[in-house]
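Below are the chains, spelled out letter by letter.
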Amino acid sequence: MRCTASGWRSTPQPRSFFVYDFHMLIVFLMWKNILMKVIQITMDAELAAQVDECARSVGATRSGFTRDALRAALRRHEEKLLEERHRAGYRGTPPRSGEFEVSEDDMVWGDDGWSDD
């Protein structure tokens, strides 16, 4: 305690690391709740067991493993859509004759310019 003009005040104590870590944990949990949405999915028991086993083998949680699997499925779906757009573009405008042909001279690598030194 110390005496001030307005009376006795307690001396402020430095914050412990535990209090700091606890505050950071609260901030992290609040941030996670803002960025993450909790959902429920239904799956058969055998699939749930396979997911749990695989998640355990890679050191992930069921939720983390499922998130990664869903992201991979979304990437594959996006690639499939892009490939279909690419095919549709070529169906609409097929390549002209000779557009992708390369002359024989351009195909020869030759040995000029390369040495074994």
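Now for a quick tour of the structure. (Residues numbered from 1 in each chain as written. Predicted model: local features only at pLDDT ≥ 70, side-chain atom pairs only at ≥ 80, totals over all residues. Heavy atoms only, no water.)

Considerations on the overall build of the chain
Helix and strand counts for the chain stand at 4 helices and 2 strands. Taken from the N to the C terminus, the helices and strands of the chain come in the order β-β-α-α-α-α. Put simply, the chain has 117 residues, and 5% of those count as buried. For the chain, the accessible area works out to roughly 11600 Å², and carbon and sulfur atoms hold 58% of it. (Helix = DSSP H or I, 4+ residues; strand = E, 2+ residues; numbered from the N terminus. Buried < 20%, exposed > 50% of the residue type's maximum accessible area, 1.4 Å probe, protein only. Areas by Shrake-Rupley, 256 points an atom, 1.4 Å probe, with all protein chains shown as cover.)

A short note on the packing of helix H2 (residues 45-58) against helix H3 (residues 62-92)
As a packed pair, H2 and H3 sit with axes 9 Å apart at the nearest point and diverge in direction by 95°. Between H2 and H3, the interaxial angle falls into the category roughly perpendicular. In this structure, H2 uses Val51, Asp52, Cys54, Ala55 and Val58 to contact H3, whose residues at the interface are Arg62, Phe65 and Thr66. Broken down by class, the residue content of the contact of H2 with H3 amounts to 5 nonpolar, 1 polar and 2 charged. (Axes fitted to C-alpha atoms, helices over the stretch in contact; angles between N-to-C directions. Parallel < 35°, antiparallel > 145°, perpendicular 65-115°, else oblique. Contact = heavy atoms within 4.5 Å. Nonpolar A, V, L, I, M, F, W, Y, C, P; charged D, E, K, R; others polar.)

A few points about a nonpolar patch on the surface
Taken together, the side chains of Leu25, Phe28 and Leu29 define a hydrophobic patch exposed on the protein surface, amounting to about 260 Å² of accessible area. Looking at the secondary structure, you find Leu25 in helix H1 (residues 17-35). (Patch = residues over 30% accessible without salt bridge, like charges linked within 9 Å, V, L, I, M, F, W, Y side chains within 5 Å. Salt bridge = Lys/Arg side-chain N within 4 Å of Asp/Glu carboxyl O.)

Some words on H2
Helical geometry note: an α-helix holds 3.6 residues per turn, so side chains three or four residues apart project in the same direction. The terminal C-alpha atoms of H2 lie 20 Å apart, and with 14 residues this matches the ideal 20 Å at 1.5 Å per residue to within 8%. Those residues of H2 lying buried are Ala48, Val51 and Ala55. Considered in projection along H2, the buried side chains sweep an arc of 60° and stay on one side of the axis. Exposed side of H2, more than 90 degrees from the buried face: Ala45, Glu46, Glu53, Arg56 and Ser57 are the residues found there. Contacts from the buried residues of H2 go to H3. Of the residues flanking the start of H2, the one acting as N-cap is Asp44, its side-chain oxygen 3.3 Å from the backbone nitrogen of Glu46. Immediately beyond the C-terminal end of H2, within one or two residues, lies Gly59, with a positive phi of roughly 75°. (Expected span 1.5 Å × (residues − 1). Arc of directions from axis to C-beta. Polar contact = N/O pair within 3.5 Å; in protein donor to acceptor, adjacent residues only side chain to side chain.)

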